[in-house]
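# Descriptive analysis of the structure
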Amino acid sequence: MTLPHVAILDDEPEIRRMLVDALEEAGFRTTAYGRATEFEAGLKRSQPDVCLVDLGLPDRDGLALVHRLALESGAAIIIISGRAQVQDRVTGLELGADDYIIKPFDPAEVVARIRARLRKPRPDTATPAQVAHFAGWQAAFDRYVLIDARGAETPFSHAEGEVLRLFLDSPNRLISRAQMQQALGGAAGESFDRAMDVRISRLRTKLGEDPKNPRLIKTIYGAGYIFLGEVRWE
């Protein structure tokens, strides 16, 4: 059986060693890097299942790297950072991270968060494309793109795709914030709520929605959201 692969990017050797020891003891395969350039070269050789990314890197802006990974990689992305402000967490999540762990942390928590992410289905480029058709749009989850009626493509992040898939899997049904938190993972609270608001706002923009009167993703104040429309999968 192939062990799940976790790529670790952190410039602190002690943290890299701690994570490698904890993850390998828990049954994961790991590759650790101290610089973004080494990390990116490693991704070209082997695509991991999960990326642990520190934001304070010596050779690259960590948030920019997270955003690019979210657009180009199918791996789950978990930020590990000493930046503890709510706005830092929201920014990381809205740029495409799937989770955010604040330093210092217990390695057991990291293992638990990774296992939680791996239990969630993710698009797999080795399987046939899965495409949703709705309201003149196509959402291709194997390539993370929206395709309009003219064939123009707009990319979306892995995190935005999780929210979009949740809506498209349950059209014309109310989805509460509690249901979103349960389905998508992450700690309930202000940072999760704000991250969801940002992701939904970005999806509306990419779908050409009027922010004052969206026709597809409706906000039901005090209750949650509802996606209005018929959805066909292929």
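Structure: see above.
Below, the structure is looked at part by part. Bear in mind that the values here come from a model prediction, so they are computed numbers and not experimental data.

### Comments concerning the packing of helix H1 (residues 13-25) against helix H5 (residues 107-118)
Viewed as axis vectors pointing N to C, H1 and H5 meet at an angle of 55 degrees, and their least axial separation amounts to 9 Å. Classed by the angle they form, the pair H1 and H5 counts as oblique. Taken as a pair, H1 and H5 cross one another with a handedness that is right-handed. Residues Met18, Leu19, Ala22 and Leu23 of H1 lie in contact with H5, whose contacting residues are Pro107, Val110, Val111 and Ile114.

### Examining the nonpolar core
Counting residues in hydrophobic clusters, the biggest one holds 25 residues, and the most contacted among them are Phe134, Met180 and Ile217. Those elements that provide at least two residues to this core are strand S6 (131-134), strand S7 (137-140), helix H6 (158-169), helix H7 (177-184), helix H8 (190-206) and strand S12 (224-227). Counting residues per element, this core draws most heavily on H6, at five residues. Listed in part, the 21 residues of the second largest apolar core include Phe39, Cys51, Val53 and Tyr100.

### Some points on unusual backbone geometry
With an omega of -10 degrees, the peptide bond running from Lys103 to Pro104 counts as cis. Looking at the element boundaries, Pro104 is found in the loop between strand S5 (99-102) and H5. Phi is positive for Tyr144, which is not a glycine, with a value near 60 degrees. Checked against the element boundaries, Tyr144 lands in the loop between S7 and strand S8 (145-147). Residue Asn172 is not a glycine yet carries a positive backbone phi of 60 degrees. Residue placement: Asn172 occurs in the loop between H6 and strand S10 (174-175). On the accessibility criterion, Asn172 (38% relative accessible area) is partly exposed.

### Notes on the environment of Ala75
Structurally, Ala75 can be placed in the loop between helix H3 (62-72) and strand S4 (76-81). Residues Ala75 and Gly34, 41 residues apart in the sequence, show an inter-C-alpha distance of 19 Å.

Definitions and limits used
- Residues numbered from 1 in each chain as written.
- Predicted model: local features only at pLDDT ≥ 70, side-chain atom pairs only at ≥ 80, totals over all residues.
- Heavy atoms only, no water.
- Axes fitted to C-alpha atoms, helices over the stretch in contact; angles between N-to-C directions.
- Helix = DSSP H or I, 4+ residues; strand = E, 2+ residues; numbered from the N terminus.
- Parallel < 35°, antiparallel > 145°, perpendicular 65-115°, else oblique.
- Left-handed = near helix turned anticlockwise from the far one by under 90°.
- Contact = heavy atoms within 4.5 Å.
- Core = buried A, V, L, I, M, F, W, Y, C linked by side-chain atoms within 4.5 Å.
- Buried < 20%, exposed > 50% of the residue type's maximum accessible area, 1.4 Å probe, protein only.

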